[in-house]
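# Architecture at a glance
Listed here are the chains, written in short residue letters.
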Amino acid sequence: MFNGGGLWSVLLIASGKRRFNVDRAMMALTIAIYAYCASNVLASIANGAIVNDARHLVPLVTFLFFPISYSTWSISQKTMLVRIIVLASMAACFGALLLAVYQQYRFDMRAEGGAGNAIVFAEVLCLAVLMCGAGAVSGLEKYRIALICAALGGTIAIIYSGTRIVWLALLIAGIAILLINQQRLKGRNAARILLLLAAIAVAIAILGFQTIAGRIEFLHSDWDALAAHGDHTTALGSRVALWDIGLKAFRERPLFGHGVGATSSLIKQGFQEQFGMDEGFSHFHNGFLTTLVQAGILGALTLAAIFVVAARNAALVLRDSADPIERFGATMIVVLVITYLTAGMTGILIGHDILDSVFMVFLVSGTYLASGRQAALVEAETTLPANGQAVPSMTEAPSKTEALTPPPATTR
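Here goes a summary of the coordinates provided. All of these numbers come straight from a predicted model, not from anything done at the bench. (Residues numbered from 1 in each chain as written. Predicted model: local features only at pLDDT ≥ 70, side-chain atom pairs only at ≥ 80, totals over all residues. Heavy atoms only, no water.)

## A few points about the packing of helix H5 (residues 66-73) against helix H15 (residues 353-371)
At a minimum axis separation of 10 Å, H5 and H15 run at an interaxial angle of 50°. Taken as axis vectors, H5 and H15 run oblique relative to one another. For the pair H5 and H15, the crossing hand works out as right-handed. Here Phe66, Ser69, Tyr70 and Trp73 of H5 lie close against H15, whose contacting residues are Met360, Val361, Leu363, Val364, Ser365, Thr367 and Tyr368. Of the residues in the contact of H5 with H15, the class split is eight nonpolar, three polar and no charged. (Axes fitted to C-alpha atoms, helices over the stretch in contact; angles between N-to-C directions. Helix = DSSP H or I, 4+ residues; strand = E, 2+ residues; numbered from the N terminus. Parallel < 35°, antiparallel > 145°, perpendicular 65-115°, else oblique. Left-handed = near helix turned anticlockwise from the far one by under 90°. Contact = heavy atoms within 4.5 Å. Nonpolar A, V, L, I, M, F, W, Y, C, P; charged D, E, K, R; others polar.)

## A short note on the nonpolar core
If you look at the biggest cluster of nonpolar residues, it comprises 90 residues, and the most contacted ones within it are Leu125, Ile158, Phe328, Tyr340, Phe359 and Leu363. Broken down by element, the residue count for this core peaks at 14 residues, all from helix H7 (residues 118-138). In this structure Leu363 touches Leu29, Ile33, Phe66, Ala310 and Leu336, once residues within four positions along its chain are discounted. Core analysis: the next-biggest nonpolar cluster, separate from the first, contains 15 residues, Ile245, Ile267, Met277 and Val293 among them. (Core = buried A, V, L, I, M, F, W, Y, C linked by side-chain atoms within 4.5 Å. Buried < 20%, exposed > 50% of the residue type's maximum accessible area, 1.4 Å probe, protein only.)

## A few points about the packing of aromatic side chains
The final tally for this structure, using the stated rule, is 10 aromatic pairs. Both rings, one in Phe271 and one in Phe275, keep their centres 6.1 Å apart while their planes meet at 50°; by these two values the pair is tilted. One end of the pair is Phe271 and the other is Phe275, both in helix H12 (residues 263-275) and four residues apart, which spans about a single turn. Take Phe271: its relative accessible area is 0%, and that puts it in the buried class. The interplanar angle of 50° and the centroid separation of 5.5 Å between the aromatic rings of Phe307 and Phe359 together place this pair among those described as tilted. Here the residue Phe307 occupies a position in helix H13 (residues 287-320), and Phe359 occupies one in helix H15, the gap between them amounting to 52 residues. An aromatic cluster is present here, built from Phe66, Tyr70 and Tyr368 joined pairwise through their rings. Over the ring of Tyr368 we find Lys78; its NZ or CZ atom is 5.2 Å from the centre of that ring. Taking NZ or CZ as reference, Arg106 lies 5.2 Å from the ring centre of Phe107, over its face. (Phe/Tyr/Trp six-rings, centres within 6.5 Å; stacked < 30°, edge-to-face > 60°. Lys NZ or Arg CZ within 6 Å of the ring centre and 35° of its normal.)

Just geometry here; none of it tells us what the structure is for.
Here it is in C-alpha cells:
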C-alpha cells in the first residue's frame, strides 16, 4: 500500500498536480536514505553481482519513495494527521489484542497477528502502543481512558508474542515518552499517571505472568546449553552462531561487503563449515551486522546516518519548540528510532517489507509534523463561469472563512 501510494505520488508530481515539497529536515533525511540505497547498489556492482542481486535491490524502492511521499502527505492538516495516527494506533491495539488472545489460547502459539512472524508483529504493535501513550499524555486527544486501555491491550498482545527484545524496546521508549512530556506530568496529572501505570503493571503481571516466566525460562535454558555444552541448536545458540558467521564474512570483505544477494548462501555455508549444521536464515539477526556483510562499512555508516539524522531532527524540535503537534511528531521519531534500534540488535532492522513500509510511514509523518511546512495545493487553469466573472479553480475546497464570507451587497 505504501509503495502504491508512492507510485501514485510520482504521477501526481510529474503531472503538476502536486508540488515537490522541500524543507531542511526532509532533505537531510533524503540524502541519508539515498546514500544508503546507493551503497547497496555499489556493493553489488563491486562484487560483479548486479544482475543476480537485482531482485534483492527492488525493495529499496520503498526508501526511494520517501521524498515523494513526503511531498504529497504534507498537504494534510497537521491536527488531522495527528488524530488519524492516534486513533489508527488505538484501533490497531484493540485488533491486535483480539488476534493475540485467539492465537494464544486457541492454537497455543506465539501471537503473530497477520504478520506471519511474531517479531514483526510485536515490533509494529510496539509503535502503535507508544502512539497511544503519546496521545494520552500529550493532551492532544481527549479520549485518554480509551487510549490507555488500548495501550494496555496492545502491551498484553506484545507479551503474548513472546518477543523479549521488544519488551525491552517498549520499556525504553515508554520512559522516553514520559521524559519528553514531563512538563505536563506534574501535580494531579502525575498522581493519575502513577496510578494508571501501577494498574497496568498489575494487569500485565496477572495476564502475562505465564508467558513472561516461560520466555525467561527458555532464555535461561538456552544460555546454559550454550555456555556448558556449546549447543547452537537453540534460539540463542543460533543467534550466536549467526553473529560468528557474519563477523567472519565481514572480515573477508570489509569495504563493500558481499552484496545483498549473498546473505542466505553465506549463512548456509557458515553453518555447515563452522558448526556442522544444516541451517538457513535470511539475515544475521542483527541489523548492522547484516548490512556490514551485504554492503560493508560504507553501507553500515549510511544506515546509521539515517537514524542519526532522524534523531537529530527530533532533538532540535524537542529543544526549541513548545508546540504540542511539533513535539508529538518529534516523539514519533524518537520512539521509532528506539524501537527499531533495540529490536534490530537481535532481529531485522530494515530489509523486511512490513518493517520497511512502517518505518517510512513513521518517518514521513513524524518529520512532517515535527519540522515540515504544509504544502499548498496547485492552482488549476482559470475558468470562466456563466456569469462572466473569471475565478481561479483550485484543487482544494475554499476555507471556512471564504465559504462564510457573504457576497457584497447590491443596489437597485
